[in-house]
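Below, each chain spelled out in residue letters.
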Amino acid sequence: MKKILLTPLAVCGLLASAHAQTAKPNTPPMPKDRPQTEQGTGLNHVTADIPVAAYYEGGQEAMYAFIAKELKYPLLAKRNRMQGRCIISFTLNPDGNIQGLRIVKQVGGGTGEEAARVVRLLKFKKPEYPILTSLPIDFKLGVTGSNAL
């Protein structure tokens, strides 16, 4: 009978290989009937509700309709075909004013500054307590019926 000597590295490789064959992925499969998100300039039809939208007159759809109407695609971003999502963070104070506005994520070419400008224009109802929140705003070229063109 022959003895086989395994180095610690070889043992780890065998164990990892055996585990990979028996391990199940941690993420469940995506349902086939899941709705697709629509993307467009300023329009952000995400499946999750944005809590601060409850304090906007007309709710989340009215808020994003206003954003889409006011948003102007920055010329530099348009020339360089920059697209993506900007995230603007701010605190909604109990008096209804926005404070501490900052750009968390931007695509570049002036998109972050434009998204911040439009968020400053939003008029919210007065909440009972300060709310720290963030708003995603999408920039996408080639969307008909928007200010993107």
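Bear in mind the structure is a predicted one, so any value in this text is a computation, not a measurement.

Q: Let's hear about the side chain of Glu114: which residues, and what values?
A: Residue position: Glu114 is located in helix H4 (residues 111-121). A polar side-chain atom of Glu114 sits 2.7 Å from a polar atom in the side chain of Arg117.

Q: Quick rundown of the pairing of strand S4 (residues 98-105)? Include the residues and the values.
A: Two elements, strand S3 (residues 84-92) and S4, share five bridges in a ladder whose sense is antiparallel. Residue pairing across strands places Leu92 opposite Ile98, the latter belonging to S4. Where S3 folds back on S4, the antiparallel hairpin that results is connected by five residues, among which Gly96 adopts a positive phi of roughly 95 degrees.

Q: Could you give me a rundown of helix H2 (residues 59-70), with the residues and numbers involved?
A: Over its twelve residues, H2 runs 17 Å from end to end, which matches the ideal 16 Å to within 8%, given 1.5 Å per residue. Here H2 has its buried residues at Gly59, Gln60, Met63, Tyr64, Phe66, Ile67 and Ala68.

Q: I'd love a proper account of the sheet that holds S3, names of residues and values included.
A: With antiparallel pairing, the three strands of this open sheet are ordered in space as S4-S3-S5. The sheet terminates laterally at S4 and strand S5 (131-139), the two strands that pair on one side only. Averaged over all pairs of adjacent strands, the angle between their axes in this sheet comes to 25 degrees, without regard to strand direction. Where H4 meets the sheet, its contacts fall on S3, S4 and S5, and the angle it forms with S3 comes to roughly 40 degrees.

Thresholds, definitions, all that
- Residues numbered from 1 in each chain as written.
- Predicted model: local features only at pLDDT ≥ 70, side-chain atom pairs only at ≥ 80, totals over all residues.
- Heavy atoms only, no water.
- Helix = DSSP H or I, 4+ residues; strand = E, 2+ residues; numbered from the N terminus.
- Polar contact = N/O pair within 3.5 Å; in protein donor to acceptor, adjacent residues only side chain to side chain.
- Pairing = 2+ DSSP bridges.
- Expected span 1.5 Å × (residues − 1).
- Buried < 20%, exposed > 50% of the residue type's maximum accessible area, 1.4 Å probe, protein only.
- Axes fitted to C-alpha atoms, helices over the stretch in contact; angles between N-to-C directions.
- Contact = heavy atoms within 4.5 Å.

Function cannot be read off these values alone, since they describe shape.
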